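Examination of the molecular architecture
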Amino acid sequence: MRGMIFDVQEMTVHDGPGCRITFFLKGCPLTCRWCHNPEGQHFEQEIMFVKNRCTHCGSCVQNGKRNPELCPTGALKTCGQQITSEELVQRAVKMKSTLEMLEGGVTFSGGEPCAQPEFLLDCLTQLKKEGIHTAIETSGYCDEIWFRKIIEQCDYVMMDLKLMDDHQHYQMTGVSNKIILKNAEILKNSGLSFCFRTPLIPGITDTEKNLSELALWIGQSPWEKIPYNELASVKYEQLNRTYSLK
Ligand code: SF4
């Protein structure tokens, strides 16, 4: 099974219990205005340009086009690489004893990991067979049948709940929140270990109205509020895109 990832981070401590290895799956059906991983939004490979690393040497130019492979400074880089589920699992297995010692495991983030459901499920199933703790960070925007299959293979689920007002949710993320709330209900009743997360975006998600509606809906379930990441805008420039919340 092949999937597309755009980053791998080892020894992460904010992506679930303990110390973990986090795989970032490329592609997301949402376009949150505040997304701090814009390089994870598009499903296909793309080029990132880190201006302050460029020495203007011109080595990257080939037949009038820029080739990241030729850049000696890393100013130009390809974002997105194909990986098989076996390769991914083997990478985690190599770290198994360390992850166990640090009470951690493997987390799938993104982009939206559930947007590559077959690949994700295959990885999760194999990791479980290896006895490695599994977790996902998800927007919950996923077909209900796949969502149920995927969380069944998770030891821990971190799910975003951003905006309760469906119209505002559509305006700010590009999608309705209906299926997200349905999947959140499934998670609430799953018996699994999980927490809901809300990014606190100034004037958008952190309003008293939105937070009190969320608090009412979430009830006694675990809930984390994530501070706004002001550095998100930098990556948009590297992708030659505009950060709309500037
Ligand atoms: S090869 Fe790299 S450093 Fe040289 S001009 Fe191209 S992007 Fe800049």
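Please read these numbers as outputs of a predicted model, since none were measured by experiment.

Quick notes on the rules
- Residues numbered from 1 in each chain as written.
- Predicted model: local features only at pLDDT ≥ 70, side-chain atom pairs only at ≥ 80, totals over all residues.
- Heavy atoms only, no water.
- Near = heavy atom within 4 Å.
- Nonpolar A, V, L, I, M, F, W, Y, C, P; charged D, E, K, R; others polar.
- Domains from an automatic or database assignment.
- Contact = heavy atoms within 4.5 Å.
- Buried area = accessible area lost by both parts, 1.4 Å probe.
- Salt bridge = Lys/Arg side-chain N within 4 Å of Asp/Glu carboxyl O.
- Polar contact = N/O pair within 3.5 Å; in protein donor to acceptor, adjacent residues only side chain to side chain.
- Helix = DSSP H or I, 4+ residues; strand = E, 2+ residues; numbered from the N terminus.
- Buried < 20%, exposed > 50% of the residue type's maximum accessible area, 1.4 Å probe, protein only.
- Phe/Tyr/Trp six-rings, centres within 6.5 Å; stacked < 30°, edge-to-face > 60°.
- Lys NZ or Arg CZ within 6 Å of the ring centre and 35° of its normal.

If you check the shell around the ligand, you find 14 residues, and the closest are C54, C57, G58, C60 and C71. Along the lines of polarity and charge, the residues of the shell around the ligand split into eight nonpolar, five polar and one charged.

Another point: the domain arrangement of the protein. In terms of domains, the protein is made up of domain 1 (2–45 + 80–238) and domain 2 (48–78). With centres defined by C-alpha atoms, the gap from domain 1 to domain 2 works out at 32 Å. The partner domain 2 presents five residues to the six residues of domain 1 that form the contact. In total, domain 1 and domain 2 occlude about 480 Å² of area from one another, counting both sides; carbon and sulfur atoms represent 56% of this. Remark: the boundary between domain 1 and domain 2 carries one salt bridge. E237 is paired through a salt bridge with K51; the nearest N and O atoms lie 3.3 Å apart. Taken together, the links from domain 1 to domain 2 amount to two residue pairs in polar contact (both at pLDDT 80 or more).

Time to look at the pattern of salt bridges. A complete count under the given rule lists 14 salt bridges for this structure. Residue E46 is joined to R241 by a salt bridge in which the shortest nitrogen-to-oxygen separation is 2.9 Å. Separated by 195 residues along the polypeptide, E46 in strand β3 (residues 46–49) and R241 in the segment after α8 (232–238) bring together distant segments of the chain. By relative accessible area, which is 13% here, E46 ends up buried.

Another point: the packing of aromatic side chains. Throughout the structure, instances matching the rule amount to five aromatic pairs. Taken together, a centroid distance of 5.1 Å and an interplanar angle of 65° make the contact between F194 and F196 edge-to-face. Between Y236 and Y243 the ring centres are 4.7 Å apart and the planes differ by 50°, which places this aromatic pair in the tilted class. Given the relative accessible area of 6%, Y243 is considered buried. Taken together, the ring pairs in this structure connect F194, F196 and W217 into an aromatic cluster. Over the ring of F49 we find R66; its NZ or CZ atom is 5.0 Å from the centre of that ring. Against the face of W217 rests K188, its NZ or CZ located 4.1 Å from the ring centre.

A word on the side chain of K26. By secondary structure assignment, the location of K26 is in the loop between β2 (20–25) and β3. One polar contact links the side chain of K26 to the main-chain carbonyl oxygen of E39, over a distance of 2.9 Å. Among the polar contacts listed, one links the side chain of K26 to the backbone oxygen of E44, at a separation of 3.1 Å.

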